[in-house]
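Coordinate analysis (summary)
Below, each chain spelled out in residue letters.
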Amino acid sequence: MSLEKASLDGLRINRPTLSQAPSRPGWLLPVGVTALMAAGLAAWFVLGPKPVQVETFVVQATVPSGKNGSRAQSTPLLNASGYVTARREATVSSKITGKVVDIKVEEGMKVEEGQVLAKLDDTNVQASLRLAEAQLESARRAIEETRPTSVFAEQEVKRFTDLAATKAASMSDLNKAQAEARSLQAKLARQQSDLIVAERELATWTQQVDDTIIRAPFPGVVTSKNAQPGEMISPMSSGGFTRTGICTLVDMSSLEIEVDVSESYINRVAPGQPVEATLDAYSDWKIPARVVAIIPTADRQKATVKVRVGFDKLDPRILPEMGVKVAFHAAQVEATPGKPTAPTIVIPRSALHEDGGKNIVWIIENGHVVRRAVSVSLTQGDHSTIAAGLSNGERVVVSATAPLKEGTRVKETKS
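Anyway, here's the lowdown on the structure attached to this text. (Residues numbered from 1 in each chain as written. Predicted model: local features only at pLDDT ≥ 70, side-chain atom pairs only at ≥ 80, totals over all residues. Heavy atoms only, no water.)

**A few points about the sheet that holds strand β7 (residues 110–111)**
The pairing of strands in a sheet comes from backbone hydrogen bonds and takes either a parallel or an antiparallel form. Defined as follows: Paired strands, in this sense, are two strands between which DSSP finds at least two bridges. A helix here means a DSSP run of H or I that spans at least four residues, while a strand means a run of E at least two residues long, and both kinds are numbered starting from the N terminus.
One open sheet holds the four strands; their spatial order is β5-β12-β10-β7, and the pairing between them is antiparallel. If you trace the sheet from one side to the other, it starts and ends with β5 (89–92) and β7, each paired once. Sheet topology note: the β5/strand β12 (residues 247–250) ladder contains four bridges and is antiparallel. Its bridge partner being in β12, Glu-89 is matched across the sheet by Val-250.

**Considering the packing of aromatic side chains**
Stated formally: Ring pairs shown here join Phe, Tyr and Trp side chains whose ring centres sit within 6.5 Å, with only the six-membered ring taken for Trp; geometry is labelled stacked below 30 degrees between planes, edge-to-face above 60, and tilted in between. Either the NZ atom of lysine or the CZ atom of arginine qualifies as a charge over a ring when it sits within 6 Å of the ring centre and within 35 degrees of the ring normal.
For the coordinates displayed, the defined rule picks out one aromatic pair. Each ring, one from Tyr-282 and one from Trp-285, has its centre 5.9 Å from the other, and the planes form 85 degrees; the classification is edge-to-face. Between the NZ or CZ atom of Arg-317 and the centre of the ring of Tyr-282, over which it lies, the distance is 5.6 Å.

**Side note on the pairing of strand β17 (residues 323–329)**
We count it as follows: Three exposure classes are used, based on accessible area relative to the maximum for each residue type with a 1.4 Å probe and protein chains only: buried under 20%, partly exposed in between, and exposed over 50%.
The element β17 is largely enclosed, with a buried count of six among its seven residues. The pairing of strand β4 (residues 76–86) with β17 spans seven bridges and is classified as antiparallel. When the bridges of β17 are listed, Ser-81 appears paired with Lys-325. Relative to β17, strand β14 (residues 274–279) runs antiparallel, the two being bridged by five bridges. Each bridged residue has a counterpart across the sheet, and for Leu-279 the counterpart in β17 is Val-324.

**Observations regarding the side chain of Thr-408**
This is how it is decided: Contacts described as polar in this section are N or O atom pairs within 3.5 Å, which, within protein, must combine one atom able to donate a hydrogen with one able to accept it, while residues neighboring in sequence count only if both atoms come from side chains. Here a residue-residue contact requires only that any non-hydrogen atoms of the pair lie within 4.5 Å.
For Thr-408, the location among the structural elements is in the loop between β25 (395–400) and β26 (410–414). A relative accessible area of 13% means that Thr-408 is categorised as buried. Within the structure, the side chain of Thr-408 is placed 2.8 Å from the backbone oxygen of Lys-405, a separation counted as a polar contact. Sequence-distant contacts of Thr-408, defined by excluding residues within four places in its chain, comprise Val-52, Gly-367, His-368 and Val-369.

**Here we look at helix α3 (residues 123–165)**
Which entries qualify depends on this criterion: Multiplying one less than the number of residues by 1.5 Å gives the expected span of a helix.
Over its 43 residues, α3 runs 64 Å from end to end, which matches the ideal 63 Å to within 8%, given 1.5 Å per residue. Positive backbone phi, at 65 degrees, marks Lys-167, one or two positions downstream of α3.

**Section: the pairing of β14**
Most of β14 sits inside the fold, with five of its six residues counted as buried. As paired strands, β14 and strand β15 (residues 286–299) are joined by five bridges and run antiparallel to one another. Bridging from a neighbouring strand, Thr-278 pairs with Lys-286 of β15. Count of turn residues in the β14/β15 antiparallel hairpin: six residues.

**A short note on the nonpolar core**
Note the threshold: Only buried residues count toward a nonpolar core. Its members are Ala, Val, Leu, Ile, Met, Phe, Trp, Tyr and Cys residues joined through side-chain atoms within 4.5 Å.
Counting 25 residues, the largest nonpolar core has Val-84, Ile-257, Leu-279, Ile-318, Val-326 and Phe-328 as its most contacted members. When residues of this core are traced back to their parent elements, those giving at least two are β4, β13 (255–262), β14, β15, β16 (304–311) and β17. Residue contacts for Ile-257: discarding those within four places in its chain leaves Tyr-83, Val-84, Ala-277, Val-307, Arg-308, Val-309, Phe-311, Val-324 and Val-326. Counting 17 residues, the second largest nonpolar core, distinct from the first, contains Leu-120, Ala-216, Phe-218 and Cys-247.

**Section: the pattern of salt bridges**
The test is simple: By salt bridge we mean one thing: a side-chain nitrogen of Lys or Arg within 4 Å of a carboxyl oxygen of Asp or Glu.
A full pass over the atoms with the stated rule returns 17 salt bridges. Arg-159 is paired through a salt bridge with Glu-156; the nearest N and O atoms lie 2.9 Å apart. Highlighted residues: Arg-159 and Glu-156, both in helix α3, separated by three residues, approximately one helical turn. Residue Glu-156 is classed as buried on the basis of its relative accessible area, which comes to 18%. In this structure, Lys-302 engages Asp-260 in a salt bridge whose closest nitrogen and oxygen atoms are separated by 3.1 Å.

**A word on the sheet that holds β13**
Where we set the bar: Structural elements are reduced to axes, namely lines fitted to C-alpha atoms, with helices fitted over the stretch in contact, and the angle between N-to-C directions of any two is expressed from 0 to 180 degrees.
Strand order in this closed barrel of six strands is β4-β13-β16-β15-β14-β17, and the pairing throughout is antiparallel. Each strand axis lies, on average, 40 degrees off the axis of its neighbour in the sheet, ignoring direction. As defined by bridge partners, β15 adjoins β16 across seven bridges and the pair is classed as antiparallel. Each residue of the ladder has a partner; that of Asp-299, found in β16, is Thr-304.

**Some thoughts on the packing of α3 against helix α4 (residues 171–211)**
Keep this limit in mind: The labels follow the angle: roughly parallel below 35 degrees, roughly antiparallel above 145, roughly perpendicular from 65 to 115, and oblique for the rest. Left-handed is the label given to a crossing in which the near helix is rotated counterclockwise from the far helix by less than a right angle, and right-handed is the label when the rotation is clockwise. Classes in brief: Ala, Val, Leu, Ile, Met, Phe, Trp, Tyr, Cys and Pro nonpolar; Asp, Glu, Lys and Arg charged; the others, Gly included, polar.
Contact pair α3 / α4: the axes reach a minimum separation of 7 Å and the direction vectors enclose 160 degrees. In terms of their interaxial angle, α3 and α4 are classed as roughly antiparallel. The handedness of the crossing between α3 and α4 is left-handed. In terms of residue class, the contact of α3 with α4 is made up of 22 nonpolar, 13 polar and eleven charged.

What follows is the structure in structure tokens.
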């Protein structure tokens, strides 16, 4: 019996009690909780709402770089190219056809209004002028001859009238004296008319003599010389070797810029708008200018509109037909000596939004958008000038793929 019990005891499995169970380290529980939280946060980023894709614009504040009285320009709204042109330019010709006998100008010469540029052969005209002078003198002498006879005839009429009243002369003698007086009066009137005709004829030939002298119609500079002594010149094209002009005269005080602006961007241009011009010949020279006018018609083939730009101040280096590039600006600020000028900030118009009657923009901060109220001083074309509310270097939202609200997480791309 005892042997059987011993055998059964050898087969029993000894299990440790609760008090005897091995203890687990205490740091396993916090590590597990932290792991669970990290996994949940990662799942939220992966499965949660995705950031809104936005396009941003980096704010660039422009400050005046010149000295006292210089002009501060904003960011250019539009760039274009054109040419320097003269508003007053003429190919000076004559009023009559004639042979050139003298040219008094050369290229580059400055001339004043009324200055003689050239002379034509006036031999035939001078002869006609002398004939007109002689005819005028003849008409005057004819009047001097007729006037005394007419006065005598009037006296005879008076004498015969007195004699006829006393029957000392017949009515026939009186009528003859009256007819003679009237005839002489008519002859004198005709000769006076002839005198007027002779005076007009003389004036005509005098004018034709003056027309052989070609004068400058306005002050300017001769840019080309088109004729030489001995050549024929005519106010109209006559074929052959006949010239139509003596020289080309340009008024340098009327220089301006003509630019062709695409129809798609003409809304960014307005009369009086400040412009910065750069001549191709002087790439480092920035010339202040201003829009003079927008020609109210478009070129159908080129899809452009012509814009006239006037220089604020002319310079001898500016010459006609020079190539020039222009930058149209939104605004300008005059710098006061001794007083700093506030920077100018220009942003795309699409970045502005209206909320409760106020202008706002969305600013990017730490990957989220923040609402910012701004003050707008000028809106022109596709750009707006900000007076207050923005600082240099800030990023504003120009467009977004979804509506934005305060704190929305975004992913940005720069415009």
